[in-house]
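One letter stands for each residue in the lines below.
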Amino acid sequence: MTMTRPPGIPAPDGLLAVITTTATRDDAVRLAHILVQRRLAACAQISAIESVYVWAGALQHEPEHRLVLKTTADRYPALEAALAELHPYALPAIVRLPFDASEAYGAWVRASVAA
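Computed from a predicted model, the values in this text were never measured in an experiment.

1. As for the overall build of the protein chain
A tally of regular secondary structure across the protein chain gives three helices and four strands. Listing every helix and strand of the protein chain by position from the N terminus yields β-α-β-β-α-β-α. Taken over the C-alpha atoms alone, the protein chain extends approximately 50 × 30 × 25 Å along its principal axes. Only carbon and sulfur atoms are counted for the fraction: they give 58% of the accessible area of the protein chain, which is about 7000 Å². One finds the centroid of the 10 positive side-chain charges in the protein chain at a distance of 6 Å from the centroid of its 11 negative side-chain charges.

2. A few points about helix H3 (residues 103-112)
Of the residues making up H3, those classed as buried are Gly106, Val109 and Ser112. The buried residues of H3 occupy an angular sector of 130° when projected down its axis, which confines them to one face. Counted as exposed and oriented over 90 degrees from the buried face of H3: Glu103 and Ala104. Considering only its buried residues, H3 is in contact with strand E1 (15-22) and strand E3 (58-72).

3. Section: the side chain of Thr20
Locating Thr20 in the fold gives a position in strand E1. The exposure class of Thr20 is buried, given its relative accessible area of 1%. Separated by 2.6 Å, the side chain of Thr20 and the backbone oxygen of Ala93 make a polar contact. Residues within four places of Thr20 in sequence aside, it is in contact with His65, Arg66, Leu67, Leu83, His87, Pro92 and Ala93.

4. Structural notes on the packing of helix H1 (residues 25-37) against helix H2 (residues 76-86)
Their axes nearest at 11 Å, the elements H1 and H2 cross at an angle of 145°. Between H1 and H2 lies a crossing whose hand is right-handed. Residues Arg30, Leu31, Ile34 and Leu35 of H1 form the contact with H2, whose own contacting residues are Leu79, Ala82, Leu83 and Leu86. A class-by-class count of the residues in the contact of H1 with H2 yields seven nonpolar, no polar and one charged.

5. Things to note about the sheet that holds strand E4 (residues 95-98)
Strand order across the open sheet formed by four strands is E2-E3-E1-E4, with antiparallel pairing between neighbours. Two strands bound the open sheet, and with one partner strand each, they are strand E2 (43-55) and E4. Sheet twist, expressed as the average angle between the axes of neighbouring strands with direction ignored, equals 30°. Here H2 sits on the sheet and contacts E1, E3 and E4; the angle it forms with E1, its principal contact strand, is near 5°.

6. Notes on the environment of Ala78
By the element assignment, Ala78 lies in helix H2. Separated by 38 residues in sequence, Ala78 and Leu40 place their C-alpha atoms 6.9 Å apart.

Reading guide: rules and limits
Residues numbered from 1 in each chain as written. Predicted model: local features only at pLDDT ≥ 70, side-chain atom pairs only at ≥ 80, totals over all residues. Heavy atoms only, no water. Helix = DSSP H or I, 4+ residues; strand = E, 2+ residues; numbered from the N terminus. Areas by Shrake-Rupley, 256 points an atom, 1.4 Å probe, with all protein chains shown as cover. Lys, Arg positive; Asp, Glu negative; His and termini not counted. Charge placed at Lys NZ, Arg CZ, Asp CG, Glu CD. Buried < 20%, exposed > 50% of the residue type's maximum accessible area, 1.4 Å probe, protein only. Arc of directions from axis to C-beta. Contact = heavy atoms within 4.5 Å. Polar contact = N/O pair within 3.5 Å; in protein donor to acceptor, adjacent residues only side chain to side chain. Axes fitted to C-alpha atoms, helices over the stretch in contact; angles between N-to-C directions. Left-handed = near helix turned anticlockwise from the far one by under 90°. Nonpolar A, V, L, I, M, F, W, Y, C, P; charged D, E, K, R; others polar. Pairing = 2+ DSSP bridges.

Worth remembering: the numbers are spatial, not functional.
Structure representation (structure tokens):
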């Protein structure tokens, strides 16, 4: 019997982009270094953004830093746990998006996060 994966659930070695935000560049850099050093992410990109959202019943408009981490579905649970542990926000945004990439880049990501 062949098992099929539900839509949106990547294969264990499938590539994921994981996105989170931080209030400061220093927090984003700290998270990026830790997660790449632990081999939970192959790389991290940091960019300055503005976020508009409702928190505690009030409209917020704040500068933030977006962190995009490249990993695999296998490594995602450990990456999510590390973000939950290390992130300065009480409720960090942790968004995962499956993506396709060139064969060579995909191989590099997989090798970079191999446990």
